[in-house]
Amino acid sequence: MVLTPLPASLRFGDPVALIATWFGAGLLPKAPGTWGSLAALPAALLLHWIGGPWMLVAGSIVIFAVGIWAAARYAAALGKADPSEVVIDEVAAQWLVLSVLPLTPFAWLAGFAFFRFFDVVKPWPVSLADRRLKGGIGIMADDMVAALYAILLILVCRHFTGAV
């Protein structure tokens, strides 16, 4: 397995690289966003155990803010607008989605799948945020909008089926 190389100006231990790639998850080959979302789960579980859903919301907000900084610096070091190996955006969004779900394997799998679907498909206004917003905020914002779509779908499923 060949990892995506880091920008020449960053070492792996650099906080920007560690945060932006979520400790290297975004450097894994093929589908870095999916790897980032998967890598977000253990920390989400820990946050949920410590403080429940509200801790996940708080963590998502903190990661969103820190992610703006790290994603902007990582992208600048690479000279790309939205490098695929930056997955801190998936982490913040995945935690937000999981915050509305019970702590069960089925619910968390559904939340993971719903978020990945909207992150990949990018329906409007996810696509609008992806195209129009630049820098760290642009990297982070489209995933948060995709998370809101996933949460909406979860609420609709819950209303009509009682599941999730």
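Model, not experiment: these values are computed from the prediction.

## Concerning the side chain of Asp142
Take Asp142: it is sitting in helix α6 (residues 135-161). Beyond its immediate sequence surroundings of up to four residues, Asp142 is in contact with Asp119, Lys122, Val126, Ala129 and Asp130.

## Quick word on the confidence of the model for the protein chain
Where the model shows low pLDDT, its predicted coordinates should not be examined in detail. Here the protein chain shows a mean pLDDT of 93. Residues at 70 or above account for 98%. Ranking the elements of the protein chain by mean pLDDT puts helix α5 (residues 126-132) last, at 78, and helix α3 (residues 88-98) first, at 98.

## Observations regarding unusual backbone geometry
Note the cis peptide between Trp124 and Pro125, where omega equals 5 degrees. Looking at the secondary structure, you find Pro125 in the loop between α4 (105-121) and α5. A positive phi angle, near 60 degrees, is found at Ala31, a position not held by glycine. For Ala31, the position within the fold is in the loop between α1 (15-20) and α2 (32-78). Of note in the backbone geometry, Lys122 takes a positive phi value of approximately 55 degrees without being a glycine. Along the chain, Lys122 falls in the loop between α4 and α5.

## Structural notes on the nonpolar core
Residues Tyr74, Trp95, Val97 and Leu101 are the most contacted members of the largest nonpolar core, which totals 42 residues. Broken down by secondary-structure element, the contributors of at least two residues to this core are α1, α2, α3, α4 and α6. Not counting chain neighbours up to four residues away, the residues in contact with Trp95 comprise Trp22, Ala40, Ala43, Ala44, Leu47, Leu56, Gly59, Ser60 and Ile63.

## Digging into the layout of surface pockets
Looking at the largest pocket, its volume works out to about 170 Å³. Together, 14 residues line the largest pocket, and Asp82, Ser84, Val86, Asp89 and Glu90 are the ones closest to its centre. Elements that contribute at least two residues to the lining of the largest pocket include exactly α2, α3, α4 and α6. Within the lining of the largest pocket, the residues separate by chemical class into three nonpolar, two polar and nine charged.

Cut-offs used in this document
Residues numbered from 1 in each chain as written. Predicted model: local features only at pLDDT ≥ 70, side-chain atom pairs only at ≥ 80, totals over all residues. Heavy atoms only, no water. Helix = DSSP H or I, 4+ residues; strand = E, 2+ residues; numbered from the N terminus. Contact = heavy atoms within 4.5 Å. pLDDT = per-residue confidence, 0-100. Core = buried A, V, L, I, M, F, W, Y, C linked by side-chain atoms within 4.5 Å. Buried < 20%, exposed > 50% of the residue type's maximum accessible area, 1.4 Å probe, protein only. 1 Å grid on protein atoms, 1.4 Å probe; cavity = no way out; pocket = protein on both sides within 12 Å on 5 of 7 lines; lining within 4 Å. Points joined across faces, edges and corners; volume = space filled by probe spheres on them. Nonpolar A, V, L, I, M, F, W, Y, C, P; charged D, E, K, R; others polar.

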